[in-house]
Amino acid sequence: MNNSRVTAKQLRQALRKREIVPWYQPVVDANGQVTGVEVLARWLRKGAPRVSPDTFIPLAMEAGLIVPLTRQLMRQTARELSSRVKWLPQPFSVGFNMPAVCLKDSALPLHCRRFLSSFPPFVKLVLEVSERDAAPDLYQAADTLTALIRDGIDVALDDFGTGWANLNLLCRLPLTTIKLDRMFCTGAPGSAESMTAAAAMRLARSLGMRVLAEGVESLAQVRRMRALGASAFQGFYFSPPVSIHRLIWRILPGALGLGGESVRLLGHS
Ligand code: C2E
Ligand code: CA
Ligand code: CA
């Protein structure tokens, strides 16, 4: 993806012109069944090189645009998926990245309720909070997160292992899932990464949390992470992030055994 220079003004215009769109990366369970997606923002510029989220998301944060960007993505995702709900496997979770500043937005519970009201009850909402955010900001959001979990919303700790590896977060935040960063997938068996991953998974599971291994790129990595205790997976081995059309017409039919471009099923290796 090209990382051409962009300005806050261009990003603001892009939001107005609806050029920032949701793409979807499948999440699969230990049997290789698709159980949901993570929504990842893409900036589609006509006739111009693409800009990576690693460029425009930090720019959105700096320019105070991340709250409107996230809201717009939630609205667009609700529109795109709710009109195709009959094609979704059940249950189906939809995850959004929620930086701490979005958690502070007092309208967040309202937007979550609005999102869910577009769907039948088998569609679940997941908020991904990142370990890269400052811990005090996340602690401040604990009450909001607890109330959202009470409303049936899941909270996942994203990028686990990349921030301060603050185990205190696991105790103080009401989390339902940890997403183990992809750096843990690449560690050889017996390496420090792999032993850390195993310890983090044991801890998370004993706290009643589900562990999702991110960034799995090969069957060997999936098997290793599954043996260590991961029960959900996301990564290029299954599928990269894709547009709504590819998700509905290529990925889900394959994953559901209806033909098409299958997400690779673990049992079919
Ligand atoms: P993230 O939330 O950790 O998202 C996962 C990133 O890893 C995505 O990059 C995804 O395309 C990439 N990925 C997934 N599987 C694999 C794999 O098997 N191998 C490798 N090498 N990479 C894999 P992407 O879409 O470029 O996004 C980068 C980051 O930008 C995200 O990391 C997230 O922090 C941020 N981001 C993206 N979309 C949004 C958004 O809508 N809102 C916010 N706040 N942040 C976003
Ligand atoms: Ca994420
Ligand atoms: Ca991540």
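Structure report, in brief. Computed from a prediction, not measured in an experiment: that's the story for all the values here.

Moving on, we get to the overall build of the protein chain. Along the backbone of the protein chain there are eleven helices and eight strands. Computed over the C-alpha atoms, the radius of gyration of the protein chain is 18 Å, within 12% of the 18 Å expected from 2.2 N^0.38 for a compact globule of 269 residues. Taken over the C-alpha atoms alone, the protein chain extends approximately 50 × 45 × 40 Å along its principal axes. For the protein chain, with 269 residues in total, the buried portion stands at 52%.

On to helix H11 (residues 244-255). Residues of H11 that are buried include every one of Ile244, Leu247, Ile248, Ile251, Leu252, Pro253, Gly254 and Ala255, and no others. Where H11 is buried, its residues meet strand E1 (20-29), strand E2 (34-43) and helix H3 (66-82).

One closed barrel accounts for eight strands, arranged E1-E2-E3-E4-E5-E6-E7-E8; its pairing is mixed. If you compare each strand with its neighbour and ignore which way they point, the axes differ by 30° on average. Two strands pair when backbone bridges link them, and E2 and strand E3 (residues 92-97) are joined in this way by three bridges, in the parallel orientation. If you follow Val37 over to E3, its bridge partner there is Val94. Across the sheet, helix H5 (residues 108-117) lies against E3 and strand E4 (123-130), angled at about 145° from E4, the strand it touches most.

Reading guide: rules and limits
Residues numbered from 1 in each chain as written. Chains lettered and ligands numbered in written order. Predicted model: local features only at pLDDT ≥ 70, side-chain atom pairs only at ≥ 80, totals over all residues. Heavy atoms only, no water. Helix = DSSP H or I, 4+ residues; strand = E, 2+ residues; numbered from the N terminus. Rg over C-alpha atoms; globule rule 2.2 N^0.38 Å. Buried < 20%, exposed > 50% of the residue type's maximum accessible area, 1.4 Å probe, protein only. Contact = heavy atoms within 4.5 Å. Pairing = 2+ DSSP bridges. Axes fitted to C-alpha atoms, helices over the stretch in contact; angles between N-to-C directions.

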